[in-house]
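Residue-level listing of the chains:
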Amino acid sequence: MTRRRNGEGGSAAEIVFRNVTKRYAERTEAAVRDLSLEIPAGEICVLIGPSGSGKTTAMKMVNRLISITEGDITIDGQSVKDLDVTELRRGIGYVIQQIGLFPHMSVEDNIATVPRLRGWDKGRIRERVRELLELVGLDPDEDPGRYPSEFSGGQRQRVGVARAMAADPPIMLMDEPFGAIDPITRERLQNDFLRLHALIRKTVIFVTHDIDEAIKMGDRIAILRPGGVLAQYDTPDTILASPADEFVADFVGADRGLKRLSLRRLRDIELDPVPPGNGVTRIDADTTLRDALSLMLAGQIERLLVMDEQRPLGICTVDVIGRLLATRGTDAPA
Amino acid sequence: MIALADPGRLAQEPVIPEFGQGSDCVRENRQFCWDWFQSRFDDVFWPRIVEHVELTLIAVGIGFAIAFAAALFAHRYGWFDTPFTVFSGFLYTVPSLALFQLLVPITGLTWTSAEIALVSYTLLILFRNTLTGLRGVPEDVKEAARGMGLTTRQILTRVELPLAFPAIMAGLRIATVTTISLTTVAAFIGAGGLGQPIFNALQGGFKTQFVASGVLAVLLALIADALLVIVQRVATPWARARARVRAA
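Figured I'd write up the structure that's included with this text. Position numbers for residues start from 1 in each chain and track the written sequence from start to end. Ligands are numbered from 1 and chains lettered from A, in the order in which they are written. Note on the predicted model: pLDDT of at least 70 is required for a residue's local features to be given, and 80 or more for side-chain atom pairs to be given and counted; whole-chain, interface and lining totals, by contrast, use all residues. Note that water and hydrogens are dropped before the side-chain values are worked out from all heavy atoms of the structure.

Some remarks on the overall build of chain A
Helix and strand content of chain A: 13 helices and 15 strands. Restricting the calculation to C-alpha atoms gives the radius of gyration, and the globule rule supplies 2.2 Å times the number of residues raised to the power 0.38. The C-alpha atoms of chain A give a radius of gyration of 22 Å, which matches the 20 Å a tight globule of 334 residues would have. When the backbone C-alpha atoms are referred to their principal axes, chain A occupies close to 70 × 55 × 35 Å. Relative accessible area decides the class of each residue, using a 1.4 Å probe on protein chains only: under 20% of the type maximum gives buried, over 50% gives exposed, and in between gives partly exposed. In chain A, which comprises 334 residues, the share counted as buried stands at 54%. Counting every atom, chain A has about 15100 Å² of accessible surface; 46% of that belongs to carbon and sulfur. The positive count covers Lys and Arg only, the negative count covers Asp and Glu only, and His and the chain ends enter neither. Working definition for charges: the position is that of NZ of Lys, CZ of Arg, CG of Asp or CD of Glu. Side-chain charges of chain A comprise 45 positive and 51 negative groups, with the mean position of each set lying 3 Å from the other. To qualify as a helix, a DSSP run of H or I must reach at least 4 residues; to qualify as a strand, a run of E must reach at least 2; elements of each kind are numbered from the N terminus. Residue-level accessible areas treat just the shown protein chains as cover; the underlying method is Shrake-Rupley with a 1.4 Å probe.

Some details on the nonpolar core
Within soluble globular proteins, side chains that are nonpolar generally end up buried alongside one another. Grouped together as the largest cluster of nonpolar side chains are 60 residues, with contacts concentrated most on A:Ile111, A:Val161, A:Phe193 and B:Val159. With five residues, helix α6 (residues 153–165) of chain A is the largest single contributor of residues to this core. In this description, contact between two residues means that some pair of their heavy atoms is separated by no more than 4.5 Å. Discounting chain neighbours no more than four positions away, the residues touching A:Phe193 are A:Ile44, A:Val161, A:Met172, A:Met174, A:Phe178, A:Val204 and A:Met217. What makes a nonpolar core is a set of buried Ala, Val, Leu, Ile, Met, Phe, Trp, Tyr and Cys residues whose side-chain atoms join them at distances within 4.5 Å. Formed by 32 residues, the second largest nonpolar core is a distinct cluster that contains B:Phe84, B:Val94, B:Ala114 and B:Ala175.

Quick word on the pairing of strand β14 (residues 303–308) of chain A
All names here are of chain A. Across the six residues of β14, five count as buried, placing the element largely inside the fold. Crossovers are marked right-handed if the path from the first strand over the helix to the second runs clockwise, as seen with the strands pointing away from the viewer. Following the backbone out of strand β13 (residues 281–284), through helix α12 (residues 289–299) and into the adjacent parallel β14, one traces a crossover that is right-handed. In this scheme, strands are said to pair when DSSP sees at least two bridges between them. Looking at chain direction, β14 and strand β15 (residues 311–317) are connected through six bridges and run antiparallel. Pairing of Arg-303 across the sheet is with Thr-317, part of β15. Here β14 folds back onto β15 in antiparallel fashion, the turn holding two residues, of which Glu-309 has a positive phi close to 55°.

Concerning the packing of aromatic side chains
Residues and elements named next belong to chain B. Pairing of aromatic side chains requires ring centres within 6.5 Å, counting the rings of Phe and Tyr and the six-membered ring of Trp. Pairs whose planes differ by under 30 degrees are stacked, by over 60 edge-to-face, and all others tilted. In this structure the tally under the stated criterion is 21 aromatic pairs over all chains. Look at Phe-37 and Phe-45: their rings are 5.2 Å apart centre to centre, the planes differ by 50°, and that puts the pair in the tilted class. Measuring from centroid to centroid gives 6.5 Å for Tyr-92 and Tyr-121, while their planes differ by 70°, and the two rings are edge-to-face. Linking Tyr-92 in helix α4 (residues 81–93) with Tyr-121 in helix α6 (residues 111–135), this pair joins segments that are 29 residues apart in sequence. In this structure an aromatic cluster arises from ring pairing among Phe-32, Trp-34, Trp-36, Phe-37, Phe-41, Phe-45, Trp-46 and Phe-206.

Focus: the sheet that holds strand β5 (residues 44–48) of chain A
All names here are of chain A. A sheet is described by the order of its strands in space; here six strands give the open sequence β8-β9-β10-β5-β11-β12, paired in mixed fashion. Strand pairing shows two members of the sheet lacking a second neighbour, β8 (92–96) and β12 (229–234), which therefore form its edges. Each strand axis lies, on average, 15° off the axis of its neighbour in the sheet, ignoring direction. Across five bridges, strand β11 (residues 220–225) lies against β12 in antiparallel orientation. To obtain each axis, a line is fitted to C-alpha atoms, and for helices this fit is confined to the stretch in contact; angles are then taken between N-to-C directions over 0 to 180 degrees.

Focus: the sheet that holds strand β4 (residues 30–39) of chain A
All names here are of chain A. Read across the sheet, four strands follow the order β4-β3-β6-β7 without closing on themselves; strand pairing throughout is antiparallel. In this open sheet, the two edge strands, each paired with only one partner strand, are β4 and β7 (78–79). Of the pairings in the sheet, the one linking strand β3 (residues 15–23) to β4 comprises six bridges and is antiparallel in character. By the bridge assignment, Val-16 is partnered in β4 with Glu-38.

Topic: helix α5 (residues 122–135) of chain A
All names here are of chain A. Expected span of a helix, by definition, is 1.5 Å for each gap between consecutive residues, and there is one gap fewer than residues. For α5, spanning 14 residues, the distance from its first C-alpha to its last is 20 Å, which sits close to the expected 20 Å at 1.5 Å a residue. Among the residues of α5, those classed as buried are Ile-125, Arg-128, Val-129, Leu-132 and Leu-133. Take α5 and look down its axis: the buried residues cluster within an arc of 130°, on one side only. In α5, the exposed positions angled more than 90 degrees off the buried face are occupied by Arg-126, Glu-127 and Glu-134. Those residues of α5 that are buried are in contact with α3 (107–111), α4 (113–117) and α6. For this analysis, a polar contact is any N or O atom pair within 3.5 Å, provided that within protein one partner can donate a hydrogen and the other can accept it, and provided that sequence-adjacent residues contribute only side-chain to side-chain pairs. Looking at where α5 begins, the residue whose side-chain oxygen comes 3.2 Å from the main-chain nitrogen of Gly-123 is Asp-121. Just past α5, the residue Gly-137 takes up positive phi, approximately 85°. Here the arc refers to the directions that run from the helix axis out to each C-beta atom.

Shown next, in the form of structure tokens:
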């Protein structure tokens, strides 16, 4: 039982899939086959795969929107089958691509749905709504009384995330949450959610079909192949460095080396020592390796002086990055 | 109070009242005599208006109760949709005069006959509109509700019915206006209402009574419709928010 307290006052829970199979009565092929996964408390686990790989099905078995045919899913050691289904769902935040806000309720009433079902008093709910709106980047003074139709798609999904977190559930299920949102807004939502997650540290299962999103969001990525079979479950870095087989290598793309570089920042790697003298191009330590490499290639620059504010950290060259790429992936998230 | 059927009543009432002693307008039977209308409003028209409103309210009330229950049932058990649609559709197509007359041998020249007929005309509209409203609730909204741990009943009362409300109200408006107009025909079997002075005037040919009754029935329908629109607007502030956004 690894229920972990966190900064926001809530907790995260460990989720374990044990030999989970889903077979629909009308079809002989399984949608998910013998899936085993351990998702540590507080981590973001991305489920990804082509269509027909059962990623959404796997996720929906956690809150029992889809029943489990064989095997079991446990939350902190307790089987989801043994829990009362409404109680189970009220303890799991649920965010979907189409958002599904209640159009007839104000933002406040939308967010307050689960706290009200749980019988929180009015003052506590009001306070919680304000807190959440601030957390997801909305206006706690103006927005509670507005209706969903008055917001843009990106803002609506912010409300959707706030609603899912309302009763401080230890687990969140997110089904392609940013899939229907324009690329610029999506990037902002992704960054904001990562920042938020660093704060609240819930256990998140995140379904996507976008490998770049998976690499960005996931502490671990589970790649499923058609037929619902797990192809590889590992950290993004390991998957990019050493894909388990042809299918995974194809799926992550031929540019997986470059993708791997975008996971690291200059300040995180071992740089060459700074030579005496001057006359090299300076670069911020928070630049990703991918951007640094791009800069060097495009500008025909051989050496970059990595700066942390005013302090030089070291020299980055194409060789430094190349050496790093040659190493295998790490086991723990970077 | 409800005026129960009195078969003799049509014949008993004076056909053209106050002939000989009224104003020039009344004596000449002009299109509309305001003075006569004003002086006889309290005894000729007001009781009929009250009857008319009562007949309508009870018919729409009972009709709504039946249609609403049937729609909820059909929403849960899809197979029920077709048989009830066929049944209420059949009732809807029976000509009103014929239906009133058909019921007389069974339930007599009574208020009951009138209400049975009036109720049967509301069913199709109220049933279809309620069911369409319930079925129009977006799937993603329902999925989010299920995923958040709302029970089937909570989804119905907190999500589906509020979202179906505009469609249900649209049905109520049509049913109410239709019933108000049909209720005038119910006077044919002595059920009272504004149809009564119309029938009397048709027999005697006194134009003022005829015109006044007709206009009052139309006004009643307009007022009822306006009231329902107000109820709907007050009850669905979210729909106005959406309209504001569309306009902007």
